[in-house]
Amino acid sequence: MASPRRRTPRRRVWPKIRLLLLVAVVAAGGTALYPVWKAANPDPPELKVRYRTDTPATATAAKPSLEVFNDTGKPLPLSDVTLRYWFTADGSASYAFNCVNAVFGCSNVAGRIVAMDKPTDTADHYLEVRFTAAAGDLKPGANSKGIDLQLFRTDHKKLKQSDDRSFDAEMTSYKEAENVTAYKRGVLAWGEEPDGTKASDEKKTAAKSAPEPLPAPPAGVLFDDFTYQGPKDPALFKHGWLVRTSKGGPGVENTWSAKGVSFPTAEGAHAGGQVLNLRASTDGTKAGTKQASLGTAASKFRDGTYAARIHFSDEPTTGDAGDHVNQTFYTIGGTGSKYSELDNEYMPNGGWGRPGPKLDTVTWYDHKTNDRVYETTNKSLDTWHTVLIRVKDGVVAYWLDGKKLFLSNGKYAPRADMSVNFNHWFIDLPFKGERAWDMKVDWLYYNANETLSAKQVQSAVEDFTGEGVNYFDTVRESR
């Protein structure tokens, strides 16, 4: 018997036809379908931000602490990243910011307060934070660690955070926060802006050109424009400053007080900013006297350019005139055979038997034997001035508003690294009665590498503040 004829299996054509039809439909209508698919399958974020705070809704300062995470497989330069913390200003109050702590150093953090063109119910301003090239890169999967910031009113009144978009009192430990936005080369990469804009391809396509990278701060330079809350501001100490409360002189001994150190806004300050104010006050008795001083904790300054913009005062802010006050910008360091001191001392009513107003520019060799050389400039300085000390090749030159006042050399040159200080003190107490004197400092600049003119210093200061840089210190201590 012949074997039955085998039938050829039927080919399964319908699945293939369906696939071909699907490809044809997608090819024909992909433009319309892609946004729908993309919305359901968004790209993972390139970076993300975590936030925490330890402040209540009403506080002396907002204290956002932020972490930036690199969620890509490539290194992420922090200089490519911009953060925005959104808030609602209290009426017409002006605001300032500072950096308290960052693993890569607050010298590499800049910020500015920006008023929004189109305010919303939860924000009309934002704090924009940027990082210099020296902040380095985040490795794939790494995070920046905590970047501790402060945002505060320049009138130092308490601020209300309950209507601030980025504030969340319940986030006392780090959590992802989409109300703090992050940008990569100017493109929204994380979070949601107050108007509802989210990170997306559409936003990336419409993004403006990337901002210029923030350059690394120059080596061997200290700059500070005194943007602080007060004498107990943690940023003040993190940035290397000491408020003097110790015993001793000069002036009325054992009367140094933190109460005389403040950071108000002042007429004539650059960009309407804050200043260091040193108030010397008295009722004419030692018990009722308070002197004020702020100086660097480190003694690491010697050659180069020291510059400060200072407002000297000929009259007290309150009370009767006539005190022998001394308004001083000076450096000091070393002991014994290494003792070094460079002074600018303004005395509106004179002192030590010589009349005022006068500015003494003094280079010391030995304080114990009163071995010094000096020059006296006899005129009123009752306004803002740029005061310079330049040290190079054993020569010390004192300048006021671009005019050279005095030179010293030979043995009268620094023999040790020094600290930089501002003091306001009473030489004596000639009469009774309440009075208070104010000395203001707009900014301090030091450059260990160059001897610069007042114009060059001013230009550098304007460049820094124009970038939102209010502090950095890249001066190394001697070993």
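Provided above is the structure to which this section pertains.
Conventions we followed
Residues numbered from 1 in each chain as written. Predicted model: local features only at pLDDT ≥ 70, side-chain atom pairs only at ≥ 80, totals over all residues. Heavy atoms only, no water. Helix = DSSP H or I, 4+ residues; strand = E, 2+ residues; numbered from the N terminus. Buried < 20%, exposed > 50% of the residue type's maximum accessible area, 1.4 Å probe, protein only. Contact = heavy atoms within 4.5 Å. Lys, Arg positive; Asp, Glu negative; His and termini not counted. Salt bridge = Lys/Arg side-chain N within 4 Å of Asp/Glu carboxyl O. Polar contact = N/O pair within 3.5 Å; in protein donor to acceptor, adjacent residues only side chain to side chain. Pairing = 2+ DSSP bridges. Axes fitted to C-alpha atoms, helices over the stretch in contact; angles between N-to-C directions. 1 Å grid on protein atoms, 1.4 Å probe; cavity = no way out; pocket = protein on both sides within 12 Å on 5 of 7 lines; lining within 4 Å. Points joined across faces, edges and corners; volume = space filled by probe spheres on them. Nonpolar A, V, L, I, M, F, W, Y, C, P; charged D, E, K, R; others polar. Disulfide = S-S within 2.5 Å. Core = buried A, V, L, I, M, F, W, Y, C linked by side-chain atoms within 4.5 Å.

A. Focus on the overall build of the protein. Looking only at helices and strands, the protein features 4 helices and 30 strands. Counting the 479 residues in the protein, one finds 49% classified as buried. Taking the contacts inside the protein whose residues are at least 6 apart along the sequence as the reference set, 71% of them involve residues at least 24 apart.

B. Spatial organisation of the side chain of aspartate 224. Among the structural elements, aspartate 224 can be located in strand β15 (residues 221-224). Salt bridges are absent for the buried aspartate 224, whose nearest opposite-charge side chain, lysine 300, sits at 11 Å. A polar atom in the side chain of aspartate 224 sits 2.8 Å from the backbone nitrogen of phenylalanine 226. A distance of 2.9 Å separates the side chain of aspartate 224 from the side chain of tryptophan 241, its partner in a polar contact.

C. The arrangement of the sheet that holds strand β12 (residues 175-176) in detail. Pairing within the open sheet is antiparallel, and its 5 strands lie in the order β6-β10-β3-β1-β12. Strands with a single pairing partner mark the edges of an open sheet, and in this sheet they are β6 (95-101) and β12. Note: strand β1 (residues 47-52) against strand β3 (residues 65-70), 6 bridges, orientation antiparallel. Paired with lysine 48 across the two strands is phenylalanine 69, which belongs to β3.

D. Structural view of the sheet that holds strand β8 (residues 125-131). If you trace the 5 strands from one edge of the open sheet to the other, you get β7-β8-β5-β13-β14, paired in antiparallel fashion. Each of the sheet's edge strands pairs with one partner strand only, and the pair in question is β7 (109-115) and β14 (187-190). Neighbour-to-neighbour, the strand axes of the sheet open up by a mean angle of 30°, direction not taken into account. Bridge analysis of β7 against β8 gives 7 bridges, and the strand direction is antiparallel. Bridge pairing links isoleucine 113 to leucine 127 in β8.

E. Structural view of the layout of surface pockets. Counted as a void, the second largest pocket has a volume near 700 Å³. Around the second largest pocket, the lining comprises 29 residues; the ones closest to its centre are Pro250, Glu341, Asp343, Glu345 and His367. Mapped by element, the contributors of at least two residues to the lining of the second largest pocket are β19 (292-296), β21 (325-333), β22 (340-347), β23 (358-366), β24 (371-377) and β28 (419-426). Within the lining of the second largest pocket, the residues separate by chemical class into 11 nonpolar, 11 polar and 7 charged.

F. Inspection of the pairing of strand β26 (residues 395-400) at higher detail. With respect to burial, β26 is a largely interior element, 5 of its 6 residues being buried. Of the strand pairs in this sheet, strand β25 (residues 384-392) and β26 are connected by 6 bridges, and their pairing is antiparallel. Bridging from a neighbouring strand, leucine 388 pairs with tryptophan 399 of β26. Between β25 and β26, which pair antiparallel in sequence order, lie 2 residues; one of them, aspartate 393, sits at a positive phi of approximately 50°. Across 5 bridges, the pairing between β26 and strand β27 (residues 403-408) is antiparallel. In the sheet register, leucine 400 faces β27, and the bridge partner there is lysine 403. Linking two consecutive strands that pair antiparallel, namely β26 and β27, is a turn of 2 residues; a positive phi of about 55° is found at aspartate 401 within it.

G. Expanded view of empty space enclosed by the protein. Under the counting rule described, the total for this entry stands at 2 cavities of 30 Å³ or more. If you add up the space inside the largest cavity, you get close to 40 Å³. What lines the largest cavity is Ala62, Phe87, Thr88, Asp90, Tyr95, Leu151, Leu159, Lys160 and Asp164. Residues of the lining of the largest cavity, tallied by class, amount to 5 nonpolar, 1 polar and 3 charged. Approximately 30 Å³ is the volume found for the second largest cavity. If you trace the second largest cavity, you find it lined by Phe97, Cys99, Cys106, Val109, His239, Asn470 and Tyr471. Among the residues forming the lining of the second largest cavity, the class breakdown is 5 nonpolar, 2 polar and no charged.

H. Representation of the state of the cysteines. Scanning all chains against the criterion turns up 1 disulfide. In this model cysteine 99 forms its disulfide with cysteine 106; the gap between the sulfur atoms is 2.0 Å. Its S-S torsion of approximately -65° makes the covalent link between cysteine 99 and cysteine 106 left-handed. When sorted by exposure, cysteine 99 lands in the same class as cysteine 106, which is buried.

I. Region of interest: the nonpolar core. In terms of nonpolar packing, the biggest core is built from 78 residues, with Phe131, Phe226 and Phe422 touching the most fellow members. Listed in part, the 18 residues of the second largest apolar core include Leu214, Phe223, Leu452 and Val469.

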